[in-house]
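# Reading the structure
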Amino acid sequence: SDKSMEEKTPGVTSRSLLSFEASEVDDESVSRRVLSITDLTRLLNEQVRTLEETQESLQNSYPGRQPAKLISVAEASICVLCCHSMDVCAAYFSSLQYIEEMLENQLVAAIGKRVTSDDFGQFIKYHNANILDPAPRPFCHAIRRPEHYPEGILSIENSDEKIEPIETHVREVQGLPALRVPLNAATTIELTGSTYLHGWLNHRFRDASTAFQLIGRARQFSSFMLVVGTMGGGNRMQPKDAIILQNKDEIKIPLLLNEIPTAKEFKDAIESLSPEQQRFAKAYRSMQLEGSVLGIVVIQIKPQLENLLGLPHDALTKEIQLTQDLMELFVEYQVPSDLLSYDGENSEATTKEKVENVKGNVQSVLNAIKDCKTKQLESQVMATDMAIEKHLHGKPKLSNDCLERNARPGSSHFRHSFRHSVKIAPLIAPRKKERMRMMDVCDLVGSHNSTPKAKKQEISDDALEISNDALDWLGSNEAVDDFDNDLPLELGSCMMEKTSAKQSKLRDDASPEKSEETPVPPKGKAAVPFGSTSEDTVDFTAIPKFLDKAIEKYDKDSALRSTTIKTSDRWSRCHQESLLSKPETTVLNSNDIKSEKDKAFDLLDALSRSGSLPIAYSDLHVIVCVTHCFEKMVMETVIEDNINPIEKLEMSTLLVASTIHGVPAQNLVADSNDRARLVSSFPALLEAAQSPAT
């Protein structure tokens, strides 16, 4: 056994290895702590000597090689050497662990704390702001027109306890042709607003699991539209999701980051594949890189409504109720804009006169919708009365002979039919008087002193009168608690339909609210010309490919990975129904997201007049994401791998910033001392004459 083997060979164990413990000595004897070459040689010779002695003892204790013996000298020697090797490896591991722990303690003592991934992220923000010009900026943008109060805010933030926006290298791209966004096979809208290109350098360590979310917040009495998709070639964007935000709405869209293998990893993986398989893999990777460009479009609704309806600039700034009515007509009823736009003949009309003209057109359409609702309500009331009459008489045929036979005092069919029909009336009658009248009807049904015709006529009149009163009363909130489980299905359905119609009518008659804010009129905006054919264009789908080649050339560690950004299918929305109600947070699933997208596309179709009217007040944010991956935690990367993560991220930052801004990397360094230091660290990147154009 191992125990007997150790007893027979006491010379070769972990205790046979020489161990040295550092003792407290003065500074003069520090140099004597380190073993010299002579001492190391003596130590190794001593190890060899003890192994030879152990080998001799094994030959005396175990027999030689014999086929009939299970354990011989050879097996015993192999076992001893394996145990000795395990002891050497354990001692080596313990020595390294001791050294690393000592270095970590020294580093923590020098810094004052153990650095985490969050601490490192804060330092990188501070560091980039000092050495780069222009420095990365937080992705938090106000949605506004020039010299106007913001309509809302758009940002990308982390979802940790300390919520902060991400920082990106941003560049405004000017002189681009209109962005084309297809809504369906027949309609493609054109956006001629501003375009911003963002480079997002994300970094993660082994212990980091940061989640990010796209957040849009609208202010009170403000509205805008958010469209998210992927960029395509030829100044096109494929929309994936869209939503309308207004009146203090807040939407949180989780972002899913998927890292693509580096170019070196990709080449190593397909090296052994056939030519056909390699071409397939390359084509798919090309599609992945092109599809990794995220596009976010923000569209302001009020200025586009003014352009659509032929109103002067800033005409709808204070028309809150008119704006709400217009959005409802476009989204809920798909009313053509020609029915609402300014149709006056006076070209010199004032802004107020034009707004009043549009208000009149809107009111005409609302009145037509209201009349249609009224007719539907009247027809529904008539159908409800007929259903009640049919139920009260118990048969679809209401002939006098049939009523006389069934209305005899001794007829059980008469008593059962009428009592079952009118027993709900005392429960739904709104006033005590009506309840008493219904009780009288019930008593009349069971009486034997009246003629059948009199009973029939009196009950029919009372039932009809009470049914109308009950239907009117169902429009109030008092009826909710007075329903009975025995309410006939057909009658209850008719009553509930009338209730819904009356509530809808009350909403249509609500008085408009006015805002007390008085926004400052703008001086105007120089929009990007529609249909521009400028040669200074940027193919956004080519940026990931160019960046991938730069990473392959300069990143020898294969730590930078191109990253695709997708939106999740579960959103969170905070909505306030009215000014006096509290905000409520709801979760939107895939069906809700599709419904919001359909509403937004209906409004976009109306605002663009089915693609014939360009949208000038829009902002396009194009985001290219790259992730720098560290295999270990911050302290382990510094101590165990002897890697400075700051220097690694400096090179990655310069690569991304140079690609986004289209200038050489050395021109992005603000200070000459930092430039000299970086040139010595990354000569291949910073000594280049110029960077290829984006």
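Residues numbered from 1 in each chain as written. Predicted model: local features only at pLDDT ≥ 70, side-chain atom pairs only at ≥ 80, totals over all residues. Heavy atoms only, no water.

Time to look at the overall build of the protein chain. From N to C terminus, the protein chain includes 21 helices and 16 strands. Across the 694 residues that make up the protein chain, the buried fraction comes to 41%. Across the protein chain, every contact between residues at least 6 apart in sequence was considered, and the portion connecting residues at least 24 apart equals 75%. (Helix = DSSP H or I, 4+ residues; strand = E, 2+ residues; numbered from the N terminus. Buried < 20%, exposed > 50% of the residue type's maximum accessible area, 1.4 Å probe, protein only. Contact = heavy atoms within 4.5 Å.)

Right, let's talk about the environment of P136 for a bit. Locating P136 in the fold gives a position in the loop between helix 4 (117–131) and strand 1 (137–138). In this structure the C-alpha to C-alpha distance between P136 and E167, which are 31 residues apart in sequence, comes to 5.6 Å. Filtering out sequence-adjacent residues up to four positions away, P136 remains in contact with N128, E167, T168 and H169.

Along a regular strand, successive side chains alternate from one face of the sheet to the other. Strand direction decides the pairing type here: strand 9 (residues 223–232) and strand 10 (residues 236–246), joined by 10 bridges, are antiparallel. Each bridged residue has a counterpart across the sheet, and for M231 the counterpart in strand 10 is M237. The loop that links strand 9 with its antiparallel partner strand 10 comprises 3 residues; one of these, G234, has a positive phi angle of about 70°. (Pairing = 2+ DSSP bridges.)

Ranked by internal contacts, the top residues of the largest apolar core, which has 78 residues, are M225, L326, L340, L603 and L604. In contact with L604, not counting residues within four places along its chain, are L183, I189, M225, V227, I299 and I615. Counting residues in hydrophobic clusters, the runner-up holds 26 residues, among them L154, I251, I253 and I565. (Core = buried A, V, L, I, M, F, W, Y, C linked by side-chain atoms within 4.5 Å.)

On to a nonpolar patch on the surface, then. Taken together, the side chains of Y92, L96, Y98, I99, M102 and L103 present a nonpolar region at the surface, about 580 Å² in accessible area. Tracing the sequence through the fold places Y92 in helix 3 (residues 73–111). (Patch = residues over 30% accessible without salt bridge, like charges linked within 9 Å, V, L, I, M, F, W, Y side chains within 5 Å. Areas by Shrake-Rupley, 256 points an atom, 1.4 Å probe, with all protein chains shown as cover. Salt bridge = Lys/Arg side-chain N within 4 Å of Asp/Glu carboxyl O.)

So, about the packing of helix 5 (residues 263–270) against helix 6 (residues 275–290). The interhelical angle for the contact between helix 5 and helix 6, taken along N-to-C directions, is 155°, at an axis separation of 10 Å. The angle between the axes of helix 5 and helix 6 places the two elements in the roughly antiparallel class. In this structure, helix 5 meets helix 6 at a crossing whose hand is right-handed. Contacts between helix 5 and helix 6 involve A263, F266 and I270 from the former and Q278, A281, K282 and R285 from the latter. (Axes fitted to C-alpha atoms, helices over the stretch in contact; angles between N-to-C directions. Parallel < 35°, antiparallel > 145°, perpendicular 65-115°, else oblique. Left-handed = near helix turned anticlockwise from the far one by under 90°.)

Within an α-helix, residues lying three or four positions from one another point in the same direction, as the helix has 3.6 residues per turn. The end-to-end C-alpha distance of helix 3 is 57 Å, a good match for the 57 Å that 39 residues give at a rise of 1.5 Å each. Within helix 3, burial applies to V73, A76, S77, V80 and H84. Of the residues one or two after helix 3, G112 is the one with positive phi, at around 105°. (Expected span 1.5 Å × (residues − 1).)

What follows deals with unusual backbone geometry. Of the consecutive residues D133 and P134, the connecting peptide bond is found in the cis state with omega at 5°. For P134, the location among the structural elements is in the loop between helix 4 and strand 1. Even without a glycine there, the phi angle at N235 is positive, about 55°. If you trace the backbone, N235 turns up in the loop between strand 9 and strand 10. Located in the positive-phi region is K248, a residue other than glycine, with phi close to 65°. Positionally, K248 belongs in the loop between strand 10 and strand 11 (250–259).

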